[in-house]
Structure formats: structure tokens, C-alpha cells
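# Notes for the structure review
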Amino acid sequence: MQTIPFITLTKENLPEEHICCAFSDKKCREGYQLKKEWLEKEFDNGYIFRRLNERAKVFIEYGPAENAWAPVYAPNYLMINCFWVSGQYKGKGYAKALLQSAVDDAIQQGKEGLLTIAGVKKFHFMSDTKWLQRQGFETIQTLPNGFILLAKKIRNQAANPTFNSSVLSGECPDKNGIVVYYTNRCPFTKYYVEEVLTATVKKRGLPIQIIQLTTKEEAQSSPTPATIFSLSHNGKFITTDMSICLESKFNKLIQP
């Protein structure tokens, strides 16, 4: 069987290799570099970024759950973060091969299993729940706002991972206006949050609070499971979709 040409990024090859998203988007050039800087630091914490050796969006990111930038408690699990196979590359076995590479790493490292955060229905910038369930992931915990914790156990007797207490209510603690949480884990966030969304909200005279999570500890205690990007309105979770920053989408989802 032919070996699929994947490449695993390291500190040594990161400067020359692309990270799949926004590599041709001049608007997000700063965010692209910030994501690379984030990756470089996280490589020291066991983080893995593996992608197809093509100019494409075909990749998986994961690392020890203890170091995850997400509000979960999952000792000795691997946490899958971004996992994406797009466009013409769908249906060719790349997703299964990338996932199997993570499973193999988990087995080799003696982990209890793998977990990820998704939605009861498909949430933007999160993995496809139904597809993961077909690969053996099970729903471990469900939050009132529709986020779920999925796990694929390697050891059947392993303890279940859990969400941290900060997200259990499913609500944002600030009930006034627009509240956004984001990190530099995605090259798109800085531009779309700090420039596009700020301008969109300003035109409408709405109060807005933008909270950048800059440390693992802040992310692990955040009130949203979606630490790449999460927008709430008057305390209610609205979306993980960054396109809401655009006026056309904002008007459809946010009522005055």
C-alpha cells in the first residue's frame, strides 16, 4: 500500500513550511505569524501538527490534554484540536489516515484515549461530530449551549474526561452586549475579531468586549469551550463561526 505523504511540523521546519490556513491571505499575515509562534511554543509541550505534504487544508492538530488550551479535565488523554480535510481532498482517505496517526501516537505513549470538543450539530471550526462517531468516538458530556465532549477510549476502563466547571452553565458571565473570546490558535482570528468585528459592532452602537486568551491557564478556565473563537450576545452563546464578524452575517444572527 502506498504511503500517504504526510509531514509533521517541528521547530526546525516550521519557518519554511505552511500551516494550511491563510497561507495566501494577505489580510491575515500577522495572524498567520502569530499562529506559527504559538505552535513553536506548544511543540515543547508535546503538541503535534501533521498535514498533507501539499498546498492544501488537510491536517490534524493534537497534544496532551493536560496542556490543552481548552476547559477540559482529561488526565493521560490526547486532545484533538483542529482537524480538517477540505475541497478536492475529501473522500480520499486522508481524514482516516490522519486520525489513525493520532491513535497510533496515543497507543505508543500509553494514553487512555483521545478526546475533542464538538457540537451536537456541526459547529464551525470544529470537527464533524457524526463522522467522528462513525470512527468510534462517543459522547461523554453535553452542555446546555450544544457543545459536547467526544472521546475514543483505548483502554475501556479509562475514566471519562470532563468539561471544567467554568463552562457547565453554558452561558457567558457578562450579560451585556457582544462578548468574544479568542486565541491566536487560528491565523484568522486577529484580523476578523480586532478589525472586522470591531467595525461591524461599532456601526450599530452595541457594547462589545473582546477577550483574548493568552495562556493555557486562561483557556482552561474560560467560560466557553470554543477558545479559538466564540461569540455571545447578552450572555447567550451565538456561534463559533468567524463569518459573523461580517456585516451581512452579523445582521442575520444578532437581533437588536
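Note that the structure is a prediction, hence the values are computed from the model and not measured.

This brings us to the sheet that holds strand β2 (residues 48–52). Strand order in the open sheet made by the 7 strands is β1-β2-β3-β5-β6-β8-β7, with mixed pairing throughout. Of all the strands in the sheet, the pair left with one neighbour each is β1 (6–8) and β7 (138–142). If you compare each strand with its neighbour and ignore which way they point, the axes differ by 25° on average. Sheet topology note: the β2/strand β3 (residues 58–64) ladder contains 4 bridges and is antiparallel. When the bridges of β3 are listed, F49 appears paired with E61.

This part covers the side chain of Q135. Within the secondary structure, Q135 is located in the loop between α3 (129–134) and β7. Aside from chain neighbours lying at most four places away, what touches Q135 is K96, L99 and K152.

What follows deals with the packing of aromatic side chains. The relative placement of two aromatic rings is captured by the distance of their centres and the angle of their planes. Overall, the coordinates contain 12 aromatic pairs when judged by the stated rule. Residues W38 and Y47 carry aromatic rings whose centres are separated by 5.0 Å and whose planes lie at 85° to one another, so their mutual orientation is edge-to-face. Relative to W131, the ring of F83 has its centre 5.8 Å away and its plane inclined at 75°; by these criteria the two rings are edge-to-face. Placement of the pair is F83 in strand β5 (residues 77–85) and W131 in helix α3, with a sequence separation of 48 residues. Across the pair, W131 and F83 agree in class, each one buried. Of the aromatic side chains, those joined through ring pairs into one cluster are F6, Y89 and Y94.

Reading guide: rules and limits
Residues numbered from 1 in each chain as written. Predicted model: local features only at pLDDT ≥ 70, side-chain atom pairs only at ≥ 80, totals over all residues. Heavy atoms only, no water. Pairing = 2+ DSSP bridges. Helix = DSSP H or I, 4+ residues; strand = E, 2+ residues; numbered from the N terminus. Axes fitted to C-alpha atoms, helices over the stretch in contact; angles between N-to-C directions. Contact = heavy atoms within 4.5 Å. Phe/Tyr/Trp six-rings, centres within 6.5 Å; stacked < 30°, edge-to-face > 60°. Buried < 20%, exposed > 50% of the residue type's maximum accessible area, 1.4 Å probe, protein only.

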